[in-house]
Amino acid sequence: MEVVITGPAQGQERKISRRAKLSQGEIRFVSYVTLFAAADAYLSGLPDTARALRLILLDDAFAKVDNRTIGELMGLLVRLDLDFAMTGHALWGFYPQVPSLDCYEIRRGEGTAAVTTHIHWDGHNRHLRPAR
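Thresholds applied
Per-chain numbering applies: the sequence of each chain, read as written, is numbered from 1 onward. For this predicted model, a pLDDT threshold of at least 70 governs which residues receive local features, and a threshold of 80 or more governs which side-chain atom pairs are given and counted, while totals over whole chains, interfaces and linings are taken from all residues. Heavy atoms throughout the structure, all of them, feed into the side-chain values; hydrogens and water do not. A pair of strands counts as paired when DSSP detects no fewer than two bridges linking them. Helix and strand assignments come from DSSP, with helices taken as H or I runs of at least 4 residues and strands as E runs of at least 2, each series counted from the N terminus. Handedness of a crossover is defined as follows: with both strands directed away from the viewer, a clockwise route from the first strand across the helix to the second makes it right-handed. Categorising residues by exposure relies on relative accessible area from a 1.4 Å probe, with only protein chains included: less than 20% of the type maximum marks a residue as buried, more than 50% marks it as exposed, and the intermediate range marks it as partly exposed. Expected span of a helix: the number of residues minus one, times 1.5 Å. As used in this structure description, the phrase polar contact means that two N or O atoms lie within 3.5 Å; if the pair is within protein, one of them must be able to donate a hydrogen and the other to accept it, and residues adjacent in sequence are counted only when both atoms belong to side chains. By the convention used here, residues are in contact when the closest approach between their heavy atoms is within 4.5 Å. Axis lines are fitted to C-alpha atoms, over the contacting stretch for helices. Their N-to-C directions set the angle, which ranges from 0 to 180 degrees. Only protein atoms enter the calculation, which uses a 1 Å grid: trapped sets of points that fit a 1.4 Å probe without letting it out are cavities, open sets showing protein on both sides within 12 Å along at least five of seven lines are pockets, and any residue with an atom within 4 Å of a point is a lining residue. Grid points are joined across faces, edges and corners, and a volume is the space filled by probe spheres set on the points. Side-chain classes follow a simple rule in which Ala, Val, Leu, Ile, Met, Phe, Trp, Tyr, Cys and Pro form the nonpolar group, Asp, Glu, Lys and Arg form the charged group, and the remainder, Gly included, forms the polar group.

J.: It is not clear to me how the pairing of strand E4 (residues 83–86) should be interpreted in this structure. Could you clarify?
T.: Along any regular strand the residues' side chains alternate between the sheet's two faces. Strand direction decides the pairing type here: strand E3 (residues 55–58) and E4, joined by four bridges, are parallel. Counted as the bridge partner of Leu 57 is Ala 85 from E4. Each parallel crossover has a hand, and for E3 linked through helix H2 (residues 67–79) to E4 it is right-handed.

J.: Just to check I follow, could you spell out the environment of Ala 37 for this structure?
T.: In this structure, Ala 37 sits in helix H1 (residues 24–44). Exposure remark for Ala 37: the relative accessible area of 34% places this residue in the partly exposed category. Along the backbone, Ala 37 and Leu 76 are 39 residues apart, and their C-alpha atoms lie at a distance of 9.4 Å.

J.: What am I meant to see in H1 here?
T.: Each full turn of the α-helix corresponds to 3.6 residues, which orients residues three or four apart in the same direction. The end-to-end C-alpha distance of H1, which contains 21 residues, comes to 30 Å, matching closely the 30 Å that a straight helix rising 1.5 Å per residue would cover. Every buried residue belonging to H1 is among Val 30, Tyr 32, Phe 36, Ala 39, Asp 40 and Leu 43, and all of these are buried.

J.: Hey, could you run me through the side chain of His 120 in this one?
T.: Along the chain, the position of His 120 falls in strand E6 (residues 115–121). Taking the relative accessible area as the measure of exposure, His 120 reaches 13% and is therefore buried. Only 3.5 Å separates the side chain of His 120 from the backbone oxygen of Leu 101, close enough to count as a polar contact. Polar contacts involving the side chain of His 120 include one to the side chain of Asp 102, which spans 3.0 Å. Those residues in contact with His 120, other than ones at most four positions away along the chain, are Ser 100, Leu 101, Asp 102, Asn 125, Arg 126, His 127 and Arg 129.

J.: Would you mind showing me how to read the sheet that holds strand E5 (residues 101–107) here?
T.: The pairing of strands in a sheet comes from backbone hydrogen bonds and takes either a parallel or an antiparallel form. Spatially, the three strands line up as an open sheet ordered E5-E6-E7, and their pairing is antiparallel. Each of the sheet's edge strands pairs with one partner strand only, and the pair in question is E5 and strand E7 (126–129). Strand-to-strand twist of the sheet, defined as the mean angle between neighbouring strand axes without regard to direction, takes the value 30 degrees. In this structure, E5 lies alongside E6, joined through seven bridges in antiparallel fashion. By the bridge assignment, Ile 106 is partnered in E6 with Thr 116.

J.: What am I meant to see in the layout of surface pockets here?
T.: Considered as a void within the structure, the largest pocket measures approximately 400 Å³ in volume. In terms of lining, the largest pocket is formed by 16 residues, of which the most central are Met 86, Thr 87, Leu 91, Cys 103 and Tyr 104. Listing elements by their share of the lining of the largest pocket, those giving two or more residues are E4 and E5. The element best represented in the lining of the largest pocket is E5, accounting for six residues. Looking at side-chain class alone, the lining of the largest pocket contains eleven nonpolar, three polar and two charged residues. A volume near 160 Å³ is recorded for the second largest pocket. Taken together, 14 residues line the second largest pocket, and the ones lying closest to its centre are Ile 70, Ala 90, Leu 91, Trp 92 and Tyr 95.

Right, here's the structure in full:
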């Protein structure tokens, strides 16, 4: 897969390289978009796509990405119809671009039992649910 970055000037195209002069946030954004596009292309090519789980797992997802961009990236996952499970620090996923989401936060102090919080996002509001 070859990644070509367009813009910001009309007709401007750049390939990812050290000379592309992208900020750290732009590099992360382009990397996530490329990853999601590759996963979508691969999963769309599998046999029996109507029944296949289109799952992507992200560990420490969207680290060092600003909140507005996280909303855009999560919206892209929704538009590509990719199922996702992710871990991250203070990562909730409650963005207008995400129509529905179940979020589980697991906390544990040293030497104590884990406590799970389940919050359902309906696209507009958060609802605390019993963790099962």
